[in-house]
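# Understanding the architecture of this molecule
These are the residues of each chain, in order.
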Amino acid sequence: MIEKAQYPVCEFDPKRDPVIHPANFLEKVLPATCVITFFKKELEQLVQQKGLPILGHLHSEVLDIPIYQYACEEQTLCIAMAFCGAPGAAVTLEELHAMGCEKFIVCGAAGALAKNSRVGEIIVPVSALRDEGTSYHYIAPSREIECHKETVDRVLACLRQMGIPFCTGKTWTTDAIYRETPDLVELRRGEGCLTVEMEAAAFFAVSRYYGFPLAQLLYAGDDVSGEVWDCRDWDRQKSVRYNLLCCAIEIAKTL
């Protein structure tokens with residue numbers, strides 16, 4: 001039963017009978033394990049190097065995103081980019097899941113809220129502050145949402161085994177990239193957030209809604225911890241991005 005609230009985003013419906021569901025029009029053609037990335041050029045580099053074939057597409061009115069097959073000795077998995085923002089993240093998961101994917105590792109970048117952070121630092125978010133709208137359509141209202149603990153534990157164990165330095169913490173998911181004011185940054189940092197991005201809370205909410213394992217790897221990109229933005233060439237960290245994508249693939253193999 002829906003409870004009325006002052007703000008529509010808080011009027012959560014627990015029923016699982018949406019008018020539109022992707023399983024009604026998409027076929028199960030994908031492998032169970034999927035890596036989702038936001039690194040377009042690095043994924044294209046991997047596709048060219050490995051000769052990865054296309055299994056299908058995520059369709060939209062703006063663009064179609066190819067889904068690639070990645071075959072290894074142990075298993076076959078798929079790799080795709082995600083649509084941006086929390087709604088895009090949810091749509092990406094919904095459709096990949098409807099097409100057969102059951103386990104996910106996500107890799108991307110985030111703005112750094114911590115003072116004196118280094119560009120390229122690896123962060124594994126264990127929870128997200130829900131300052132977006134999409135997650136509220138999947139999980140009842142709450143200030144924060146946790147990532148799938150067992151999958152996070154697997155990610156941490158793999159990173160330790162590979163000797164890759166990392167830290168864990170909370171991320172701030174926002175819908176408004178141009179409304180990260182100094183006061184909000186300070187408030188979120190005071191709540192324990194290490195990073196800010198636009199998708200994690202939605203990824204975690206859809207994962208919990210369907211009950212499938214998912215975890216995320218982020219690297220510290222631009223610095224929004226001060227009064228003035230420092231881009232730190234966050235989108236040109238090619239080696240960091242490529243290595244993190246490869247790392248996500250290796251972790252996904254263990255799920």
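In what follows, the structure referred to is the one given above.
A brief report on the enclosed structure follows. (Residues numbered from 1 in each chain as written. Predicted model: local features only at pLDDT ≥ 70, side-chain atom pairs only at ≥ 80, totals over all residues. Heavy atoms only, no water.)

What follows is about the overall build of the protein. From N to C terminus, the protein includes six helices and 10 strands. Looking at the 255 residues of the protein, the share that counts as buried comes to 49%. Carbon and sulfur atoms make up 54% of the accessible area of the protein, which totals about 12,800 Å². Here the protein carries 25 positive and 35 negative side-chain charges, and the mean point of each set is 3 Å from the other. (Helix = DSSP H or I, 4+ residues; strand = E, 2+ residues; numbered from the N terminus. Buried < 20%, exposed > 50% of the residue type's maximum accessible area, 1.4 Å probe, protein only. Areas by Shrake-Rupley, 256 points an atom, 1.4 Å probe, with all protein chains shown as cover. Lys, Arg positive; Asp, Glu negative; His and termini not counted. Charge placed at Lys NZ, Arg CZ, Asp CG, Glu CD.)

A full pass over the atoms with the stated rule returns six aromatic pairs. A centroid spacing of 5.3 Å and a plane angle of 85° characterise the contact between Y138 and Y209, whose relative ring orientation is edge-to-face. With Y138 in the loop between β6 (122-131) and β7 (144-146) and Y209 in helix α5 (residues 200-210), this pair connects stretches of sequence that are 71 residues apart. Assessed through its relative accessible area of 16%, Y209 is described here as buried. Judged by centre distance (4.8 Å) and plane angle (85°), the ring pair of Y209 and Y210 falls under edge-to-face. Overall, the relative accessible area of 23% leaves Y210 in the partly exposed class. The positively charged end of R16 is found above the aromatic ring belonging to Y209, 3.9 Å away from the centroid. Against the face of Y136 rests R130, its NZ or CZ located 4.1 Å from the ring centre. (Phe/Tyr/Trp six-rings, centres within 6.5 Å; stacked < 30°, edge-to-face > 60°. Lys NZ or Arg CZ within 6 Å of the ring centre and 35° of its normal.)

One pass over the full model with this rule turns up 11 salt bridges. The partner of K4 in a salt bridge is E11, and the shortest N-O contact between them spans 3.4 Å. What makes E11 partly exposed here is its relative accessible area of 24%. The salt bridge involving D153 is made with K149; its shortest N-O contact spans 2.9 Å. One end of the pair, D153, and the other, K149, are both in helix α3 (residues 149-162), four residues apart, so they sit about a helical turn from each other. Look at D153 and you get partly exposed, because its relative accessible area is 36%. (Salt bridge = Lys/Arg side-chain N within 4 Å of Asp/Glu carboxyl O.)

For α5, the buried fraction is high: nine of the 11 residues fall into the buried class. Taken as a whole, α5 has its buried residues at A200, A201, A202, F203, F204, A205, V206, S207 and Y209. Taken from the residues just after α5, G211 is the one with a positive phi, measuring 80°.

Bringing the side chain of R188 into the picture now. With respect to the helices and strands, R188 occurs in helix α4 (residues 182-190). The residues touching R188, leaving out its near neighbours within four places in the chain, are L113, L129, D131, R143, W172 and C193. (Contact = heavy atoms within 4.5 Å.)

The next thing to look at is the packing of α3 against helix α6 (residues 238-252). Interaxial distance between α3 and α6 falls to 10 Å at its minimum, and their mutual angle equals 115°. Along this stretch, α3 crosses α6, giving a crossing that reads as right-handed. Where α3 abuts α6, its residues V155, C158, L159 and M162 lie against C247, E250 and I251. Tallied by class, residues from the contact of α3 with α6 come to six nonpolar, no polar and one charged. (Axes fitted to C-alpha atoms, helices over the stretch in contact; angles between N-to-C directions. Left-handed = near helix turned anticlockwise from the far one by under 90°. Nonpolar A, V, L, I, M, F, W, Y, C, P; charged D, E, K, R; others polar.)

All quantities given are derived from atomic positions and should not be read as evidence of function.
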